[in-house]
Amino acid sequence: MGELPSYTLGIDIGTTGVKIILLSRDRIVYQTSVAQQLRSPQIGWAEEDAGEWWQNTQTGLRRMHERVPDAAGGIVAVGVSGMVPAIVLLDEAGEPLRPTIQQNDARAVAEIAEVTETLDQDALFRRTGGYTNQQHVLPRMLWVKRHEPEVWRGIATVMGSYDYINYKLTGVRALEINWAVESGMYDIRSRRWLDDSLALLGLPETVLPPVYESQSVIGGISEAAAALTGLPVGIPVIAGSADHVASTLAAGITEPGELLIKFGGAGDILYCTEDIRPDPQLFFDYHVIPEAYLLNGCMASSGSLVKWYANEMLQDSSPELFATLDKEAAAVPAGSDGLIILPYFLGEKTPILDPEARGVLFGLTLSHGRGHIFRAILEAVIYGFRHHLDVLRELGCEPTRVLATNGGAKSKFWCQIAADVLGVRIRAYPAHPGSALGVAFLAGKSVGLMEEWREIDSFLTEYRDYEPQEEQRRIYDRAYQIYRELYPQLQPQFARVNALYSQEQHELMTGGHRG
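This section reports on the structure supplied with the text. Just so it is clear, the structure is predicted and the values come from calculations on it, not from any experiment. (Residues numbered from 1 in each chain as written. Predicted model: local features only at pLDDT ≥ 70, side-chain atom pairs only at ≥ 80, totals over all residues. Heavy atoms only, no water.)

What follows covers the sheet that holds strand S15 (residues 267–273). The mixed open sheet is built from seven strands, whose spatial order is S16-S17-S15-S14-S20-S21-S22. Unpaired on one side and paired on the other, strand S16 (283–286) and strand S22 (464–466) mark the two borders of the sheet. Along the sheet, successive strands turn relative to each other by an average axial angle of 25 degrees, direction set aside. With four bridges joining them, S16 and strand S17 (residues 293–299) adopt antiparallel strand pairing. Bridged to Phe 284 within S17 is Leu 295. Along the sheet face, helix H11 (residues 243–250) touches strand S14 (258–263), S15, S16 and S17 and points at about 120 degrees away from the line of S14. Against the sheet, helix H14 (residues 370–394) makes contact with S14, S15 and S17, and its axis sits at roughly 145 degrees relative to S17, the strand it touches most. (Pairing = 2+ DSSP bridges. Helix = DSSP H or I, 4+ residues; strand = E, 2+ residues; numbered from the N terminus. Axes fitted to C-alpha atoms, helices over the stretch in contact; angles between N-to-C directions. Contact = heavy atoms within 4.5 Å.)

Following this line, the structure appears as C-alpha cells:
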C-alpha cells in the first residue's frame, strides 16, 4: 500500500465567505467556498456572525472530505487567515457575546475623538506605527463599553477572526501578531501591549491572549474539533495570517519593492519593504516572511461598493448582470462623461482616515445612465489606489512591479482601467485563490513541506498583463485631480451630515426630548 500524499490545509475567513483550500507541494488539490453575509444594521456599522464562520468552515471541510477522501490522513498542517482587526468578544465559556465588529466598521466616531485627545498621538505613532483611527481596536472597544455594558461585563477574551477559528480548532486562545499590530495597542518594536491603552479601556491584559508569530504552531486539532470537522486529532495548527498579508505571499510578493492591489470587498494596496518604516497615512504590518514588512493601505469599500450597486440600486445580483454592466460601461468614455464618485460609503480608512466621510456622486446629470455610474464606481476604486501610490512615492517607494488579485482581477475591463489610471503595467491573476493559498503555503513552510518562499510562484501560472493606454491615461490624469480636490472641499460637510444623523437618532431614542 502506497504512502499517503502530504497536504496542507488553508482556511480563509473572508467578508463574503469562508474559503477552504487543500494544497500539495506542487498543486492545488481542492478548493471550495461557503457564502456568508456582512450586516450593516445602522449607518457605518459592519458586523458578522462568528458562529456562522465556524459552521461554514465545517461545511467546507465536509465538501473537501467528500471530494478528496484521503485528504484527512495526508494533512500535515493547518493555517487560517482572516479579516483584521475584526473584533470577536468571548465569554468565559468561549461563546461570542455579540456579533463581530468588523475591521471596516465606522461606528466609533466619538470614541476615536476621545482616544485622540487622551493619548499622546505622536508617541502612539512612534510605538505602534499609526495614529488613532477607525481601524483600531481601542475606540471600538470603548464603544462597546459605553453602549453595551452587559456585553462589556461578560468579556473574558478579545480576539480576531482567524484567531477565533484557531480557537475552535484547538481550544487554544491565541492572537497572531498582525492582529496585535493593527489593534493600535501594540508596540511594533518591543512587541508588547501598551499599558496606557489598556488603562484607558479598564480591561486587564489577561483578556488579550498570548501573541504568536505567523508560522508558530499554537496547538493541535482537539478531539471536539475532530468530531465536527473530520480532521485527525493533533494535526498542528499555526497562528496563521491576516488575510491581506497571506494574499501578499500568495501573489508571489517576497521581495522589497513589489506591490499588490487587491480588489476584494475592501480594497488593499500592499508594498513590501525590508525595514520598519511606518507612515501616518498608511497601516503597517509584518510580512509572514522573516525580516520583511508591509506598508498597507486599506479602502473601506471596493468590491462591496460594486455589490451594493447591483443589489440595492439595480435589485439584481445575477452573474450575467456584471458582464452586461461591463459592456455598458465600456461604451462610456474614460472619465464617465464627467461623473466622479468618492467611494467613501463606509467612511474611509487610508489614506484619509476619516470615519465620517461619505460616498458622493459628483457631476451626475440626466444624460448619465447606469453604465456611467458603474464605470465611475470602478474608476473611483482605482482613484483610491492611485492616492495610495502617490503616498508611497512621496516616501520614496517606487514599485518594481504591480500585481492584482481578488474578485476585480477577473474583470479585464476593470484591470485595464487600473493600468490606465495608475499608469503602470499590471499583472492580474484572475483565478487567484488569495489568502487561503497563502496561509496553506505558510502552514506547509512551518513544517518543512515547502522549503523556499519563491516556491509560491509554481502556483501562479494563470495571469494576464495590462499595459497603460496613453490617451486614456491623459484623461484619467485630469479626472483624478478633480477626485483629489473633492474630499478636502466636502470634508466639513461630512461632519455636519453625521452630526445631523446622530441628533436624529438621539431624538428617536429619547422620544424627541432633549437634555
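So, about the packing of aromatic side chains. If you walk through the whole model with that rule in mind, you get 19 aromatic pairs. Judged by centre distance (5.1 Å) and plane angle (70 degrees), the ring pair of Tyr 186 and Trp 193 falls under edge-to-face. On the numbers, 5.8 Å between centres and 25 degrees between planes, the contact of Phe 284 with Tyr 293 is stacked. Just as Phe 284 is buried, Tyr 293 falls in that class too. (Phe/Tyr/Trp six-rings, centres within 6.5 Å; stacked < 30°, edge-to-face > 60°. Buried < 20%, exposed > 50% of the residue type's maximum accessible area, 1.4 Å probe, protein only.)

Time to look at the pairing of strand S3 (residues 28–35). Sheet analysis places strand S2 (residues 17–23) next to S3, joined by seven bridges and oriented antiparallel. Looking at the pairing, Leu 22 lines up with Tyr 30 of S3. Where S2 folds back onto S3 in an antiparallel hairpin, the turn is made up of four residues.

Moving on, we get to the side chain of Glu 455. Considering the arrangement of structural elements, one finds Glu 455 in the loop between helix H16 (435–446) and S22. A distance of 2.9 Å separates the side chain of Glu 455 from the backbone nitrogen of Glu 451, its partner in a polar contact. Only 2.8 Å separates the side chain of Glu 455 from the backbone nitrogen of Glu 452, close enough to count as a polar contact. Apart from residues no more than four positions distant in its own chain, Glu 455 is found in contact with Arg 25, Phe 441 and Met 450. (Polar contact = N/O pair within 3.5 Å; in protein donor to acceptor, adjacent residues only side chain to side chain.)

Once that is clear, we can look at the side chain of Glu 48. Tracing the backbone shows Glu 48 in strand S4 (residues 47–48). Among buried charged residues, Glu 48 stands out as having no salt bridge; its nearest opposite-charge side chain is Arg 39, 6.2 Å away. Of note is the side chain of Glu 48, whose polar atom sits 3.4 Å from the side chain of Gln 36. (Lys, Arg positive; Asp, Glu negative; His and termini not counted. Salt bridge = Lys/Arg side-chain N within 4 Å of Asp/Glu carboxyl O.)

Helix H5 (residues 137–147) sits mainly inside the fold: eight of its eleven residues count as buried. Along H5, the residues classified as buried are Val 137, Leu 138, Pro 139, Arg 140, Met 141, Leu 142, Trp 143 and Val 144.

A separate point is H11. Of all eight residues making up H11, eight are buried, and the element is well covered by its neighbours. Within H11, the full set of buried residues consists of Asp 243, His 244, Val 245, Ala 246, Ser 247, Thr 248, Leu 249 and Ala 250. One or two positions beyond H11, positive phi appears at Gly 252, with a value near 90 degrees.

A separate point is the environment of Ser 301. Position of Ser 301 relative to the elements: it lies in the loop between S17 and helix H12 (303–313). Its relative accessible area of 2% is what places Ser 301 among the buried residues. Separated by 113 residues in sequence, Ser 301 and Ile 188 place their C-alpha atoms 27 Å apart. In this view, Ser 301 contacts Gly 265, Pro 343, Phe 345, Leu 346 and Val 381; residues no more than four positions away in its chain are not counted.

Along a regular strand, successive side chains alternate from one face of the sheet to the other. With seven of seven residues buried, strand S1 (residues 7–13) lies mostly within the body of the structure. Along S1, one buried face is formed by Tyr 7, Leu 9, Ile 11 and Ile 13 and the opposite face, lined by Thr 8, Gly 10 and Asp 12, is buried too. In this sheet, strand S5 (residues 75–82) lies alongside S1 in parallel orientation, the contact comprising seven bridges. Bridging from a neighbouring strand, Leu 9 pairs with Val 78 of S5. With six bridges connecting them, S1 and S2 associate as antiparallel partners. Counterpart to Asp 12 in the pairing with S2 is Lys 19.

Within the secondary structure layout, Ile 238 lies in strand S12 (residues 236–238). When the C-alpha atoms of Ile 238 and Val 439 are compared, they prove to be 9.2 Å apart, with 201 residues separating the residues in sequence. If we ignore the near neighbours within four places in the chain, the residues touching Ile 238 are Val 78, Gly 79, Asn 166, Ser 214, Gln 215, Ser 216, Val 217, Ile 218, Val 439, Leu 442, Ala 443 and Ser 446.

Okay, the state of the cysteines next. Scanning all chains against the criterion turns up zero disulfides. There is no disulfide at Cys 397, and the cysteine sulfur nearest it, in Cys 272, is 11 Å away. (Disulfide = S-S within 2.5 Å.)

A few words now on the packing of H11 against H16. Orientation of H11 relative to H16, taken along the N-to-C sense of each, is 80 degrees, at an axis distance of 7 Å. Compared by their axis directions, H11 and H16 come out roughly perpendicular. Facing Asp 243, Ala 246, Ser 247, Leu 249 and Ala 250 of H11, the residues of H16 in contact are Ser 435, Leu 437, Gly 438, Val 439, Phe 441 and Leu 442. (Parallel < 35°, antiparallel > 145°, perpendicular 65-115°, else oblique.)

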